Amino acid sequence: MAETSAFISALNLLTKVVGEVSTHDAQSSQQKAVMAALQANQAMLLEQLKSEKRFEDVRKLREETRAQAAWFCIDTGDTTWSFVQECLLLLLALAQHLTVQLELFNQSSAPAGPKLHTPEMAPPLAPDVLSVSQQKTIGAALQFVISLGLCPYLAPGVGVPLRRRSAFGAMVEGLVHGDIVPAVERRLLVITNVLLQMAELASFATLIFTRHLGDVIAALCQLGYRPHQSNRGSTNQEKEISTEERETCREALRSLLGKVYQPIAIKELLILQGGPKQTAPVAGSHGTISKVALGAAPTWLRRLCGQLLSDRLMQPDGVQAVVRAILEGSTGGESDWRKCDSVARILVACPQQSVSQDSYYRQVCPQIVALLHFKDKLTARQFQRVATRAVLTMVEGKPHFAKQHLLDCLLGPLQRCLILTGQKHSQISVCESDSQGTVEEWELTCCVEDLYKIWVVGNSPSDPLMKAMEEVLPVLFTLHCFTKQSVSHLRGPCQEILLWYLGHIEHSKALSVLRQLSGLSEQQNEVAPEFHFTPGSNGGATLSPKPIISDADDALYEQLSEEQWRLECLVHLLAELRDSDLPGDFFLELLQELTNWATEEEEEEEQEVDVSAMTLMELEKQLLERTAGRGQRLVLLQVIAVLCEGLPHTLLLRKMTQVVDFMVSLLQRACIGLGQDLAPGTENPVENQTLNMGMGLIATLLSGPQLSAADYTSMLRLLPSLAELSQKHPEVVIQELASNLRVVIATHGVYRPESLPATDQRTRNPETTQNNQKVCSMKQQKMQPQTKDSHVSHYNLHSSAVDTIHNSPTPHTLANTASTAQPKKNPHPNRTHASFDAEDPQAKDINQTLTKLFTSGHNEYTKTPEAFAPDRGIKSGERNSGITNTGPPTKAFSDLLLEACDPDVPTRAVALRALTRMIQDGIADTVEAQEKVLMLFLENLEHDDAFVYLSAIQGLAVLADSFPEKILQKLLGEFQNNPSLPTSDKQNSLETRLKIGEVLMRASRAMGDLAPHLGRPLIGVFLRGTRDQDQTVRASCLSNLGELCQKMDYALGPLAQELSCCLTALIKTEKEAEVRRAAVHVIALLLRGLSDKTTQVLSDVLLDLYRALKWVVRSDQDDITVLHAQLALKELDDVMMKFIFPDQKLEKKIVVLP
């Protein structure tokens, strides 16, 4: 190591700055000062090498190296070149010395016997390992060599000039004039060969290539590829480099580019290739700084760098190296995204020196796909951006190669799941292996993630992309249906891909795709029937062979269950398209198909087939066709049923045009078979009810304040069906209503019955009204005498129909659906085909009516046709103009009492609701007649219709909340005993008691702070009810008891022992699991309601309750009861944790001392 230190000291002497030489004259040239320093340092080094004993080994090695160096010249006459030669001799001698020492070190350590090593002992250090200070000294010497011996001899435009690097570099550049120095390329060759020879040592290679790689590459490019320029006046032609030496430089360049880190090599080549003109500071006269433009690289160099970059790109992992070279160190800003797009365009462009485009894309495209699979967040984002843009750019510019080398690779795992009729499996994908067995989990996961990144994140729909996705869409939907059955990380990406496809494809094509996915059209590109998806070990999915089911019934059940599940998944998918008309258009298309089916069925019934004239083959063919047609119709009905059940009407019918299309389909189906004579008792009341509500919906639409000409134009399609109904329908009421609606639509609202509100007439579109009046004034004068007698009839009919639809109570679930699925508000008052406004009263009417229409086939609470008869004697002042009845009741109290006893279900339910509102508003009549109202509500509790008894329950709860002292005592008496009403049915006493229990539960919830005062009698009754003979009553009492105990707080203290004994006894002795569940649930509600007060209120019985719960967990056979006990124990655990470890409060107490 002493010799190494001596070499470093010699380099220090050669490269140190001589300050007094450079500062003795302030006005002297800086270049002269530097030249003087170089001469002084070189002379000092030679003198000390001769005189100093410590440099003896250095002098010997230097002499040996000089003897071997044919390029060394003693008398050059050039100070800078002489200095560079001295630096090269010392560096080369040091490199040879370190190489010899390293060989000796390796020989001495390799064959040696085993030595004792301890864990604390460090391994021996190799002799070529340099310290930081030593590396700094060698780096300074290398910098002198590059600045004085390499850069000045580069041709203009080759490499980065010194003046572009620093102001000092511009001064150094003036020391050497490469244009007047003889044998420029010879000196450049000497420098390059010596640097490459030193780079054979690893420690020197690191110092050279980390700092001066670009200069070395530039020198090799000039030496190997610069076109030969003949110099006629030169006398040193023999000193120019030969062809063999040029070839050696080319080989060295290829070897160097293959060894170094590829992103750095590519970055240096990009810099060497040059760019647009730029400006840089250079030293001018008197120390001023001026700016000059950087010349572009020569043509030969730009072409050479392009070829070298293309070679780097086509190497293994070349795409990744190019991307890293350009994007490394980026932060993800806007400029970085532009870089990503530029890199993508570079990757897609096929280089000129490539053998063929096919070979280039075959080599590059798999590397582009590999960019999608990086895990590092920042790197993955940039790489995915490059890959996505490259794929999209290639799909648009080179669709044939994109499909062959990119899309088939991306979609390969899904394509392997397909059944391709008439195609061989070998044509499915060129990127897949020959095995056609299972598809592994990692393959499907990568495939789905790649599709999400390219299609959804890229968001650039094009025909090749949509066509490629169309081929695998059924398989992707099947995979989506599988992920919906369990927890899977593929569920979100699959759903997003499907939604993106349905949102960007053409409307007609989207409807066709929905028909295929729902099973209404021929199944294509489906998963092979002998395979199915199974859960993967990492939360994904894998395609594996389906187990064979021997039982035919089980196989049929499995098939039907799978089809039903696919329909439900399709409906959930459509529910996500909230801002699209696709669900509604698909639904209307199915309804139109249903109408066509009914027409065809009627025509088939009219045609008689002569079976006797058919052969057996023809007869069998006809029967098979009929069977297939009926199967298709069953699928159609199933799809329509699932859509109606799973999607709200606000999504299916978003616009007025869709509502009109829906009504056209409804009226067309109603017109089928009108001319036929039906036998008595064969009429379908559901069809009549649906038609009645449809008429009411049309009337509501026509009463809208802002109907435009386009709205009336869309309604003209209703005229043929309305005309047929007005002539052929057996019901006179429907005939009259259809006729009046037809006239209103035909006249564009100029003729309007008195039933429509006057405000609507004033707020209608004035332009439409003026045009309609001009067109239809004559027609109105002709029609008015003919329809004069029918004004009152039509008014009663319209008001009755609309009021019946809007005021009829709907089931609780339907009401929630209608209230939570309202469409967005339309900001444009003069709309043509806009969505309905949820705040508009007319929109509320339409929403409620549509809810009725969608459920009319399954709802037995719809008003019968007789309710629309015009002879009911309803006056105009008793109605609210067909608008929803949400305000205070306008009828007299006595009329409501009479209607509450009406046999008509909707009328009775509406009256009960009106009475409930009067009680809430504190109307004096209801306060005085509260006993009558109570008896009326109790009587309606026994009604069979859910609308009626639910309205009665609500009324009783409101009555008990308003008059708790009297009403609760009466209800408690009714609950304990059988109903005491004269009309009570003793067989229904159990059901009535349960309904009263529901009233008491609602009343207890509404007590609030009065629960401790009013709840004591209720607790006693509920405790006695736990000993009832019927298990349902016992469970009901326990449920009510739990609800009430949550609000009792400290008032439960005296009753704690009784409650504990009752609940503990029921838990351990009750045979019915339902009652045990309720008892355990009471404990959970009790602990949840008391919370922090549990230890104070239940201190005496808390241990008993805990033991009872633990007994349930250990001994009870009912799983649900055990689950309730575990939840109760969790509540108890939370209570005790808070009691033992209370929350630390940061509070400061101030005590005033006396």
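Only a predicted model underlies this, so the values are computations on that prediction, with no experimental measurement involved.

Moving on to the overall build of the protein chain. The number of helices and strands found in the protein chain is 50 helices and four strands. A total of 1154 residues make up the protein chain; the buried ones form 48% of that total.

Attention shifts here to the confidence of the model for the protein chain. Residues of the protein chain with pLDDT of at least 70 account for 75%, and the chain-wide mean is 75. When mean pLDDT is compared element by element in the protein chain, helix α21 (residues 491-504) scores highest at 93, while helix α35 (residues 812-820) scores lowest at 31. Note that residues 232-238 has pLDDT below 50 and, in this model, two contacts with residues that lie over four places away or in other chains.

We now examine the environment of arginine 211. Locating arginine 211 in the fold gives a position in helix α9 (residues 202-225). For the pair formed by arginine 211 and glycine 139, sequence separation is 72 residues and the distance between their alpha carbons is 8.7 Å.

Turning next to the nonpolar core. Among the nonpolar cores identified, the biggest contains 217 residues, and Ile138, Met198, Trp455, Phe533 and Leu718 are the most heavily contacted of them. Among the elements that take part in this core, α9 stands out by supplying 13 residues, more than any other. Ignoring anything within four residues of it in the chain, the contact list for phenylalanine 533 reads Cys417, Leu444, Val475, Thr478, Leu479, Phe482, Val527, Ala541, Thr542 and Leu543. Membership of the second largest hydrophobic core comes to 83 residues, among which are Phe937, Ile1019, Val1021 and Leu1087.

What follows is about the pattern of salt bridges. Considering all chains together, one arrives at 29 salt bridges under this definition. Of the charged contacts in the structure, one is a salt bridge between lysine 509 and glutamate 470, with a shortest N-O distance of 2.7 Å. Here glutamate 470 lies in helix α20 (residues 463-483) and lysine 509 lies in helix α22 (residues 507-518), a separation of 39 residues in the sequence. Classification of glutamate 470 by relative accessible area gives partly exposed; the value is 29%. Residues arginine 717 and aspartate 661 are paired through a salt bridge, measuring 2.4 Å at the closest nitrogen-oxygen approach. A residue pair is termed long-range when its members are at least 10 positions apart, and arginine 717 in the loop between α29 (709-715) and α30 (719-728) and aspartate 661 in helix α27 (residues 656-671) qualify at 56 residues.

On to the environment of leucine 125, then. Topologically, leucine 125 is positioned in the loop between α5 (79-109) and α6 (132-149). Taking the C-alpha atoms as reference points, leucine 125 and phenylalanine 105, separated by 20 residues in sequence, lie 9.5 Å from one another.

As a further point, take the packing of helix α49 (residues 1102-1115) against helix α50 (residues 1119-1140). At their nearest, the axes of α49 and α50 sit 9 Å apart, and the two run at 145 degrees to each other. Every pair of crossing elements has a handedness; the one defined by α49 and α50 is left-handed. Facing α49, whose interface residues are Leu1102, Tyr1106, Leu1109, Lys1110, Val1112 and Val1113, α50 presents Thr1121, Val1122, Ala1125, Gln1126, Ala1128, Leu1129, Leu1132 and Met1136. Of the residues contributing to the contact of α49 with α50, the split by class is eleven nonpolar, two polar and one charged.

Let's shift gears to the pairing of strand β4 (residues 541-545). In terms of burial, β4 is a largely internal element, four of the five residues being buried. Remark: five residues form the turn of the hairpin made by strand β3 (residues 531-535) and β4, two consecutive strands paired antiparallel; glycine 539 in that turn has positive phi of roughly 90 degrees.

Once that is clear, we can look at the packing of aromatic side chains. Pairs of aromatic rings are described using the distance from one ring centre to the other and the angle between the two planes. In total, this model carries eight aromatic pairs according to the counting rule given. Taking 5.3 Å as the distance between ring centres and 65 degrees as the angle between the ring planes, the aromatic pair formed by tyrosine 360 and tyrosine 361 counts as edge-to-face. Where tyrosine 361 meets phenylalanine 401, the ring centres are 5.2 Å apart and the plane angle is 40 degrees; that geometry is what we call tilted. Highlighted residues: tyrosine 361 in helix α15 (residues 357-370) and phenylalanine 401 in helix α17 (residues 399-410), separated in sequence by 40 residues. Across the pair, exposure class does not vary: tyrosine 361 and phenylalanine 401 are buried alike.

Another aspect to go through is the environment of leucine 327. Relative to the helices and strands, leucine 327 is located in helix α13 (residues 318-327). Accessibility expressed as a relative area gives 2% for leucine 327, which makes it buried. Along the primary structure leucine 327 and proline 263 are separated by 64 residues, whereas in three dimensions their C-alpha atoms are 9.8 Å apart. The contacts of leucine 327, once residues within four sequence positions are left out, are Asp336, Lys339, Cys340, Gln382 and Val386.

Reading guide: rules and limits
- Residues numbered from 1 in each chain as written.
- Predicted model: local features only at pLDDT ≥ 70, side-chain atom pairs only at ≥ 80, totals over all residues.
- Heavy atoms only, no water.
- Helix = DSSP H or I, 4+ residues; strand = E, 2+ residues; numbered from the N terminus.
- Buried < 20%, exposed > 50% of the residue type's maximum accessible area, 1.4 Å probe, protein only.
- pLDDT = per-residue confidence, 0-100.
- Contact = heavy atoms within 4.5 Å.
- Core = buried A, V, L, I, M, F, W, Y, C linked by side-chain atoms within 4.5 Å.
- Salt bridge = Lys/Arg side-chain N within 4 Å of Asp/Glu carboxyl O.
- Axes fitted to C-alpha atoms, helices over the stretch in contact; angles between N-to-C directions.
- Left-handed = near helix turned anticlockwise from the far one by under 90°.
- Nonpolar A, V, L, I, M, F, W, Y, C, P; charged D, E, K, R; others polar.
- Pairing = 2+ DSSP bridges.
- Phe/Tyr/Trp six-rings, centres within 6.5 Å; stacked < 30°, edge-to-face > 60°.

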